Structures are given as C-alpha cells and as structure tokens.
Amino acid sequence: MDLLTLADYAGTCAFAISGTLAASEKKLDLFGASFIGFVTAVGGGSLRDLLLGNTPVVWIRGMDYFILIMASLLFTFLFYRYIIKLKQTLFLFDTIGIGAFTIIGIEKALSFGINEPLAMVMGLSTAVVGGVIRDTLCNDVPLIFHKEIYATACIAGGTIYLLLTHLGADTFFSQITTMLSIIAIRLVAIKFNLSLPKITR
Amino acid sequence: MDLLTLADYAGTCAFAISGTLAASEKKLDLFGASFIGFVTAVGGGSLRDLLLGNTPVVWIRGMDYFILIMASLLFTFLFYRYIIKLKQTLFLFDTIGIGAFTIIGIEKALSFGINEPLAMVMGLSTAVVGGVIRDTLCNDVPLIFHKEIYATACIAGGTIYLLLTHLGADTFFSQITTMLSIIAIRLVAIKFNLSLPKITR
Amino acid sequence: MDLLTLADYAGTCAFAISGTLAASEKKLDLFGASFIGFVTAVGGGSLRDLLLGNTPVVWIRGMDYFILIMASLLFTFLFYRYIIKLKQTLFLFDTIGIGAFTIIGIEKALSFGINEPLAMVMGLSTAVVGGVIRDTLCNDVPLIFHKEIYATACIAGGTIYLLLTHLGADTFFSQITTMLSIIAIRLVAIKFNLSLPKITR
C-alpha cells in the first residue's frame, strides 16, 4: 500500500469522525450523525467524480471506504467522551487527509485530460466539499468560509505538487512534500492566528 | 403495472406533496413550493442515479414522473386546506413510498454490480435524500436526523429484502413483505414514541 | 462569437459577482466569497450536465469559464465599493444571463433527446440553481422562493422560445426575443412590485 492510499484512508476516517462530532453537537440522533459522518467523508470525492463523469463514484466500487467509515462511526459512538479530547490527533489526521484528497483530486482530473488550473479546482473540491456539506446539513455557514487558512493550504499544496511534477520530481517525494507543506501552513496559521481578509467597504 | 411501480408512483406523489407543504409553512411562493415539491420527489432517485452513473437520470427519460409531480403540486395548491387534514393518508403514502424507493434503489445498485451493503446505502439514499434536500432548502436541520425511526425502518426493510432474495423468495412476496415491515416499524415507532438515541457525553 | 455565447458569458460574470457580493454581506473571507461566487456561476449548468450525463461538465472542459469567473472575482474584490452601487447594471447582466442559461439548458436537453416539458425544467435549472445554492450556502432560504417573478420569467421565456422554434423562426430571432421577453417581464414585475401568490389557508 502506497503513502497516498494510507493518507487517503486516514483522511476518510478523520472526515467521518469530524462529521459525526459536528452532528452530535447539534443533538442529532445516531442516524443523523452517521449520515453526516458518511457524507463528510465521501462528499468531496463524490462531487469530483460526478463532475468528471467518473462513475460509479469511487467509494461505491469496493468495500474499503464503506468499512473504514462504518468503523470510524462505531469508534466515535463508543469512545465519544475520549475522542473529543483528541483534538490534536484529529487535526493531524484531518490535515493529512486534505493533503491526500488534494493530490488525488488533481491526479484524477489530469487523468481525464482536464487543464491544470481546473485540476487544482477539482483537488480543492475533493478536499473541502465534504466539510461544506457537513456544515450546510448542520444548518451552519461552512466553517472554511470564514475561519482559518484551510482552503489556502490546499491551494498552496496543490501548486507545490504541480510545480514538482513539472520539474520531474519523484512521485513519493512530491506527495510527501505537498502534504508536509499543507500541514506546515495550517500549523503556522493556527499558531499565529492567521486568517484570510474579508471584503469590506 | 406491477406493485413496485404503483408504490413508486404513490411515494413520488406523497413526496411532492410533503415538499410543497413544508415550503408553504415557510411562506414561500408558488414557485418556491413547486421547486421544493419537485426536488423532494426526485432528489433521492437522482442522487442514486448520479452516483451509479445511470444518466440521463430516470425522471427525465419519460413524462410519467413529471406528470405525477405536476398533478400533485396542482392538487396541493387547489386543496391545501383539505390536504393538511389528511395527515394519516399522507403518512401511509409516504411510508409506502420509502418502501418502494428502498427496494428500487437496492435493485438498481445491484444491477450496476454494486456490493450488497453499498446497495443498501443506495436504497437508503433513494428513500431519504429527497427529504434531506427539502429540509435543507427550507433552512431546517433535516427532520430525519433527529426525529422518529424513519431511516431505521428503511435499513430494516432493506435487510429483510436482501435476506428474502438470498433465500430465493418470490419477488412479489419479497416486495410486499419489505413494504409491510417498513410500515409496521414506523407505526410501532410512532405509537410508542420511539426514537434513536443521541450521542451524549 | 454568437449572441448566445456572449449572453452566456455575461450571465456567468453576473452570477459570479452576485455570489461574491452575497458572501461578503455574510462577512465571509476571500475564499468563502470566491467559492460561493464560483458555485453560483457554475451550479446551474453543472446540475443540468450531471442530470443529462453530459460529463465532464462543460465548465471544466476548457479555460473560458474559469478565466471569466476568476476575472469577475478579482474585479469584485478590487472594486467592491464601486460595484455595490451598480445594481442596475448587475441586474441587466443577471437577466441577460438567465435568458441565455434558459435557452442553453433547453437546447442541451433537447440534444439529449429529452421531451420539451422536461427540457424546460432543465433550462430553468440551469438558470436558477446557481442562486439556490448561493443562498443555501449563505444559510438563507433561497431568494427566488419568496421574492419577485424570477423563475416565472424564465418559464415564460422558455415557452416563447419553444413556440418560436416550433413555428420555424430564425435561431437568432428566437434567442433575442426570448431574452428581451425575460428582461421585460422582470422589469415589469419590479416596477409594479409583482410577486407570485403564496399558499394560505
């Protein structure tokens, strides 16, 4: 199993858990929490596959994502009190996940003959749309629209990835550099409380 | 016309009416109510078809769903005062509908070579996603995420359907047993005010 | 470049700007505003393409929509104070846009062998769904569900377009008549403060 698949799996679990936690803060029941956990994990990749015409979408072609998500849901339900204390671990998994999702989205789009700037958009969609659906279903304005340097980290990481690919860098090296860059940008953003400017008059 | 098609049509009408009623409670205008009625009726099946790659999606291939939905909308607009008193009839049609939608979603997914657990997810999506979109457009947290045993009834019904199919049961028998089970579970849940547990600390 | 393409481009820019403005009223950051501007511009056409199975969806096949949208976003960010005073120009572009989107949606659906009433639904989806997603992401009930004769203008325009096509009218003549009709209907509706009735008991 390669690095990207491992990171993809880690991200899928982190997203399923983050969806479930967001739902339980809204006092939703077990089904609501499971539904939102599921959609958070598969939403971004599904939208990418749909826009590209890559159907059936990836997560219904085999059992791996289904099993990972169901295990994450069960884990969250059983160890809820414990998990909500693991913010830093979840943050790490989530960040590894958006790194992997960005790279996978870019690669998938390029394999469909999509131009690089639009492949970046597909990479970004893969990484952020799950969280956008999660927050919309919870009746909140999506978190990433007004807090933190989340999407910016994906865009920077995706740019680094495309640059390294153009320079003929080794695949493994490009992947690990991209993911470490995304992790670094998010850590720096949180440490110095950086956020994107708003439009004002 | 077979039982499943009849139940599918009944469900489509019930969903169109439920969407229209939800929209009118939010003081939306005729177009808003029609839009939400339409989306509630076709949303679940559309998502299933999109994820499977079964396009053009079923409801735009022929005029039957369109005519049924337009008739339901017109009926709701003309007899609004009367319809809101018909809660039990609507409940029955709605429940027959989710039974049919669950079976149709499972069958369609299996015909695309999808594994049984994921076919269940497709059946469940067909049954519940219309209502999720309805409530999201009305700016509410989806009803089925925090009230009643709705999705649970679909999951139980879907499991019964797959079991009966494995046991080689007659198609008609499997269908009617599945739908009656879903109706029974919902009735029992409402009678005894059952609901799924929430996650708590 | 033909009239329809020009109108399509004008509409794409108007929608990107309207999404960005809506997002900035909600105090979203630059990424949130860009995301919503983007989705408002491509949302309707994407849904139409997905439902028809016309994938990869149109806007990721070439760079034209991407460049138009990015330019619109940049323009809005740089000249925000100035743009919010241009309500009438934006209204005109927006109305030209929904006219073009309606015609393009109808034509695309007919080319996929879809029946005319459902092609109308596809035209309407192309025109209004971007705005519906914009308002849902901003956590509002979609504007077009309770204000103004917006969708009604599209339905009337689409009907005129289909009638003229049946009568064998020249393509250019049909397009310009349809768009002028939609503009006229919206102007009249605003001048006389017309809106669709609501359902009441």
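Summarised in this report is the structure supplied together with it. What you see is a predicted model, and the numbers here were worked out from it, not measured in a lab.

### Focus: helix 1 (residues 3–25) of chain C
Residues and elements named next belong to chain C. Here helix 1 contains 23 residues, and its C-alpha end-to-end distance of 33 Å stays within 8% of the 33 Å for a straight helix at 1.5 Å per residue. Helix 1 sits mainly inside the fold: 18 of its 23 residues count as buried. Of the residues trailing helix 1, Lys27 is marked for its positive phi of about 65°.

### Describing the packing of aromatic side chains
Summed over all chains, the structure comprises 24 aromatic pairs over all chains. Centroid distance Phe15 of chain B to Phe101 of chain B: 5.1 Å. Interplanar angle 55°. Geometry classified as tilted. Residue Phe15 of chain B is found in helix 1 (residues 3–25), and its partner Phe101 of chain B is found in helix 5 (residues 87–111); the two are separated by 86 residues along the sequence. Note on Phe101 of chain B: relative accessible area 5%, which makes it buried. Here the aromatic residues Phe31 and Phe35 of chain A together with Phe145 of chain B are joined through ring pairs into a cluster of three or more.

### Looking at the side chain of Arg48 of chain A
Along the chain, Arg48 of chain A falls in helix 2 (residues 30–52). Once residues within four sequence positions are removed from consideration, Arg48 of chain A is found in contact with Val58, Ile104, Gly105, Lys108, Met122 and Thr126 of chain A.

### Observations regarding the relation of the copies chain B and chain A
Take chain B, turn it by 120°, move it 0.0 Å along the axis, and it overlays chain A with an RMSD of 0.0 Å. Such a combination of turn and shift is consistent with a three-fold rotation axis. When the interface residues of chain B are mapped onto chain A, a mere 10% of them again lie at the interface, so each copy presents a different face.

### A closer look at the interface of chain B and chain A
Many structure descriptions define interface size as the accessible area lost when the parts assemble. Each partner contributes to the interface: chain B provides 31 residues, whereas chain A provides 29 residues. Both sides together, the interface formed by chain B and chain A hides about 2700 Å², and carbon and sulfur atoms give 76% of it. Between the two partners, chain B and chain A, sit 0 salt bridges. Between chain B and chain A we count 4 residue pairs in polar contact (both at pLDDT 80 or more) in total. The set of elements that each furnish at least two residues to the side of chain B that touches chain A consists of helix 2 (30–52) and helix 6 (116–137) of chain B. Looking at the side of chain B that touches chain A residue by residue, the class counts come to 20 nonpolar, 6 polar and 5 charged.

### Some thoughts on the environment of Gly113 of chain B
Residues and elements named next belong to chain B. Topologically, Gly113 is positioned in the loop between helix 5 and helix 6. Residue classification places Gly113 among the exposed residues on the basis of a relative accessible area of 61%. Along the backbone, Gly113 and Gln88 are 25 residues apart, and their C-alpha atoms lie at a distance of 38 Å.

### Remarks on the interface of chain C and chain B
Listed per partner, the contact involves 31 residues of chain C and 29 residues of chain B. Interface area for chain C against chain B, summed over the two sides, is near 2700 Å², with a carbon-plus-sulfur share of 76%. Our count for the chain C to chain B interface comes out at 4 residue pairs in polar contact (both at pLDDT 80 or more). Per element, the largest residue contribution to the side of chain C that touches chain B is 9 residues, and it comes from helix 6 (residues 116–137) of chain C.

### Considering the relation of the copies chain C and chain B
Of the two same-sequence chains, chain C is brought onto chain B (RMSD 0.0 Å, axial shift 0.0 Å) by a rotation of 120°. Of all interface residues in chain C, a mere 10% are interface residues in chain B too; the two copies therefore contact each other through different surfaces.

### Here's the deal with the nonpolar core
Trp59 of chain A, Trp59 of chain B together with Trp59 of chain C are the most contacted members of the largest nonpolar core, which totals 195 residues. With sequence-adjacent residues up to four places away left out, Trp59 of chain B is seen in contact with Phe38, Val42, Ser46 and Tyr65 of chain B together with Leu51, Leu118, Val121 and Met122 of chain C.

Cut-offs and rules
- Residues numbered from 1 in each chain as written.
- Chains lettered and ligands numbered in written order.
- Predicted model: local features only at pLDDT ≥ 70, side-chain atom pairs only at ≥ 80, totals over all residues.
- Heavy atoms only, no water.
- Helix = DSSP H or I, 4+ residues; strand = E, 2+ residues; numbered from the N terminus.
- Expected span 1.5 Å × (residues − 1).
- Buried < 20%, exposed > 50% of the residue type's maximum accessible area, 1.4 Å probe, protein only.
- Phe/Tyr/Trp six-rings, centres within 6.5 Å; stacked < 30°, edge-to-face > 60°.
- Contact = heavy atoms within 4.5 Å.
- Least-squares fit on C-alpha atoms with pLDDT ≥ 70 in both.
- Buried area = accessible area lost by both parts, 1.4 Å probe.
- Salt bridge = Lys/Arg side-chain N within 4 Å of Asp/Glu carboxyl O.
- Polar contact = N/O pair within 3.5 Å; in protein donor to acceptor, adjacent residues only side chain to side chain.
- Nonpolar A, V, L, I, M, F, W, Y, C, P; charged D, E, K, R; others polar.
- Core = buried A, V, L, I, M, F, W, Y, C linked by side-chain atoms within 4.5 Å.

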